Amino acid sequence: MREMIAALTHVPDTSTVELQVSIVDYGSRIDYFVPILRAWNDRATEFLVKTKWGRRVRIGLLAGTVVGYPTFSLLWNGPLVQKTFPLRHPHEELPERLREIARKVG
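Keep in mind it's a predicted model, so treat the numbers as computed, not measured.

J.: Give a description of helix H2 (residues 52-77) that names residues and reports values.
T.: Counted at 1.5 Å a residue, the expected span for H2 with its 26 residues is 38 Å, and the 38 Å between its end C-alpha atoms agrees. A side-chain oxygen of the first residue of H2 lies 3.0 Å from the backbone nitrogen of Gly-54; this N-cap is Thr-51.

J.: Which residues make up the packing of aromatic side chains, and what values do they have?
T.: Taken as a whole and assessed by the stated rule, the structure comprises one aromatic pair. Measuring from centroid to centroid gives 5.5 Å for Phe-72 and Trp-76, while their planes differ by 25 degrees, and the two rings are stacked. A residue pair is termed a helical-turn pair when its members lie 3 or 4 positions apart in one helix, as Phe-72 and Trp-76 do in helix H2 at four residues. Classification of Phe-72 by relative accessible area gives exposed; the value is 52%. The lysine or arginine in question, Arg-56, covers the ring of Trp-53, its NZ or CZ lying 4.6 Å from the ring centre.

J.: Talk me through the side chain of Thr-84; I want residue IDs and the actual numbers.
T.: Mapping Thr-84 onto the fold places it in helix H3 (residues 81-88). Looking at Thr-84, the relative accessible area reads 4%, which means it is buried. A polar contact is formed between the side chain of Thr-84 and the backbone oxygen of Trp-76, at a distance of 3.0 Å.

J.: Describe the confidence of the model for the chain, listing the residues and the values that go with them.
T.: Averaged over the chain, the pLDDT score is 79; the fraction of residues at 70 or greater is 70%. Of all helices and strands in the chain, the one with the weakest mean pLDDT is strand S1 (residues 2-10) (57), whereas H2 scores best (94).

About the criteria used
Residues numbered from 1 in each chain as written. Predicted model: local features only at pLDDT ≥ 70, side-chain atom pairs only at ≥ 80, totals over all residues. Heavy atoms only, no water. Helix = DSSP H or I, 4+ residues; strand = E, 2+ residues; numbered from the N terminus. Expected span 1.5 Å × (residues − 1). Polar contact = N/O pair within 3.5 Å; in protein donor to acceptor, adjacent residues only side chain to side chain. Phe/Tyr/Trp six-rings, centres within 6.5 Å; stacked < 30°, edge-to-face > 60°. Buried < 20%, exposed > 50% of the residue type's maximum accessible area, 1.4 Å probe, protein only. Lys NZ or Arg CZ within 6 Å of the ring centre and 35° of its normal. pLDDT = per-residue confidence, 0-100.

This is the structure in structure tokens:
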């Protein structure tokens, strides 16, 4: 990302003002963080692959996703639909197709 910075400066011993324009490149900030993030990523990968607790974290994350997502989805679109429907469709005036569905559910 680049940004242009302009500054007005007074030239000494004259009555003129000079405009100085400089372009600042923020890519150098990203280059500073790349080695730090790469080292952090390598440590995390080593933890997940080589340790007993890392294996437990991987299995727990996978199990939580496999169990949690369908459960949440079924609850969100099933028994909780009367509470979640207005959150997803907050308009007062519903289209005819949705109005029929709301009448059947409600």
